[in-house]
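# Examination of the molecular architecture
Take a look at the letters that make up each chain.
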Amino acid sequence: MAVEPVKFWQALEKENLGPIFQVPCSIFKNFLNFCYDTDKEVYNPVHEGIALVQASGAYLATGKLPIVMLQNSGFGNLLNPLTSLNQVYDIPALLMMSWRGADGRGTDAPEHDEMGTMFLKILKAANVASEILDERHFGEQIYKSSQLAQSQRRPTALILKKDFFAPYQARQSHISPAQEFTRHHVISVIKNWFGERAIYLSSTGFPSRDSFNVRDTPDFYIMGSMGYTGALGLHIAKSNDRPVVLFEGDGSVLMHIGALASIAALKPKNLIHFVLDNEAYDSTGFQPSLSKGIDLCKIAEGFGYTYTLNVREENDLRTLLATVESIKGPILIRVKVGQVHTKTGQRVSDKYSPVQITDRFMENLRSGYLGIQESGNQARDVVEVNV
């Protein structure tokens, strides 16, 4: 029987655990939405390693055992501070990790195949004591794992499988209303403008899914590897004269925002970076991101992007597209989009395997290659204009 979020919270409260530092996953969306609705002390760092470090700071300040919630795919981000901070300085934490791909290869989205298979072995290799949560005995398990973490002064882990939490209908208090200027519509406008002249890359989750459903061009649809869209597209742009268009969510760009520094340093003239900002982690249940209070354009400009612009209306987007290829890049366009509260279309993985995505993307690059090595020409000079 699935666990009611309120009962799980009561079990944590009984052991005086918290606060919670989380990077969301759909497996614990019901619990997180309950926490936001009831004003529990929950923080939303931009990636898992930072979540553990912030939790460690909270422990140093209070001596109270913090909770770090994350998807197992994000354990790699957490591994460095785990081994070089917590396990060196004897700083405990209670890790609560969802186990995507728990039932083996092909039973979940393909990006979870590798980590799903290796997860328990990686935890053991990292000297993290772990236990899979049972719906009937979760209170006892929380007690035992938290006691072990505090007595050994090391992080311990509790693992959640799919459907652990009972459904919870989130109130609209922390969810913005749906709007017409959606991510799907924005991508449709952009892809219809560029057509197959451009090379497209899109970040994990709904940006890739929307791009695929709008128009199935030979994109690099990124499934997993959250936060790496810009880094992946950088040298693709440096090797081509074609416009390289990146579709990235706000949570993704914030997760590894240092990639903007590399893009700005190498200054690919043809890179157009669209950040589709709905201020939320859409695919995991609309938990808030940190983008609401951040001016991503100013950050990109500070890194050294040649041109940045905030866009909120379709007419402004169309005006930009009419001149964008005359602007020397790199360019970052932050488009404020509404949250989508209905089901999105077909998954990319329903049609293509990750390897097929790689092969068709590289074939597209080869067939339209106009880069320096083959042509001997430098990337075209363009005149910068103001939009």
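All values derive from a computational prediction rather than experimental measurement. (Residues numbered from 1 in each chain as written. Predicted model: local features only at pLDDT ≥ 70, side-chain atom pairs only at ≥ 80, totals over all residues. Heavy atoms only, no water.)

Another point: the sheet that holds strand β5 (residues 130-132). A sheet is described by the order of its strands in space; here 6 strands give the open sequence β2-β1-β3-β4-β6-β5, paired in parallel fashion. Of all the strands in the sheet, just β2 (42-43) and β5 have a single pairing partner and so form its edges. Inspection of the sheet shows strand β3 (residues 67-71) paired to strand β4 (residues 94-98) by 5 bridges, in the parallel sense. Counterpart to I67 in the pairing with β4 is L94. (Pairing = 2+ DSSP bridges. Helix = DSSP H or I, 4+ residues; strand = E, 2+ residues; numbered from the N terminus.)

Residue P19 is bonded to the preceding G18 through a cis peptide linkage, with omega at 5°. Here P19 lies in the loop between α1 (5-14) and β1 (20-22). Here the bond from G329 into P330 is cis, since omega is 5°, no more than 30 degrees from zero. Inspection of the secondary structure puts P330 in the loop between α13 (314-323) and β14 (331-336).

Our focus in this paragraph is the packing of helix α9 (residues 229-238) against helix α11 (residues 259-266). For any two helices packed against each other, one specifies the crossing angle of their axes together with the interaxial distance. Where α9 contacts α11, the two axes come as close as 9 Å, and the packing angle between them is 15°. Judged by the inter-axis angle, α9 sits roughly parallel to α11. Of the two elements, α9 crosses α11, and the hand of that crossing is left-handed. Residues G230, A231, L234, H235 and K238 of α9 lie in contact with α11, whose contacting residues are A259, S262, I263 and L266. (Axes fitted to C-alpha atoms, helices over the stretch in contact; angles between N-to-C directions. Parallel < 35°, antiparallel > 145°, perpendicular 65-115°, else oblique. Left-handed = near helix turned anticlockwise from the far one by under 90°. Contact = heavy atoms within 4.5 Å.)

Quick look at the sheet that holds strand β9 (residues 244-249) now. An order of β8-β7-β9-β10-β14-β13 is seen for the 6 strands of this open sheet, with the pairing classed as parallel. Two strands bound the open sheet, and with one partner strand each, they are β8 (220-221) and β13 (307-311). Note that β9 and strand β10 (residues 271-277) share 6 bridges and pair parallel. What sits directly across from L246, in β10, is H273.

Next up on the list: the confidence of the model for the protein. In the predicted model, the protein carries a mean pLDDT of 89, and the fraction of residues at 70 or more is 91%. Taken element by element, the protein is modelled with least confidence in helix α15 (residues 372-375), mean pLDDT 34, and with most confidence in helix α6 (residues 138-152), mean pLDDT 98. When the criterion is pLDDT under 50, residues 369-387 qualifies, and its contacts beyond four places in sequence or with other chains add up to 38 contacts. (pLDDT = per-residue confidence, 0-100.)

The buried count for helix α8 (residues 206-214) comes to 7 of 9 residues, which makes it a mostly enclosed element. Buried within α8 are the following residues: F206, P207, S208, R209, D210, S211 and F212. (Buried < 20%, exposed > 50% of the residue type's maximum accessible area, 1.4 Å probe, protein only.)

Another point: the pairing of strand β6 (residues 156-160). Within β6, 5 of the 5 residues are buried, which leaves it mostly tucked inside the rest of the structure. One ladder, built from 5 bridges, connects β4 with β6; its direction is parallel. Note on β6: the bridge partner recorded for L95 is A157. Here β5 runs beside β6; their pairing, made up of 3 bridges, is parallel. Each residue of the ladder has a partner; that of S130, found in β6, is A157. Handedness of the crossover is the feature at issue here: the chain leaves β5, passes through α6, returns alongside β6, and the resulting connection is right-handed. (Right-handed = clockwise from strand over helix to strand, strands pointing away.)

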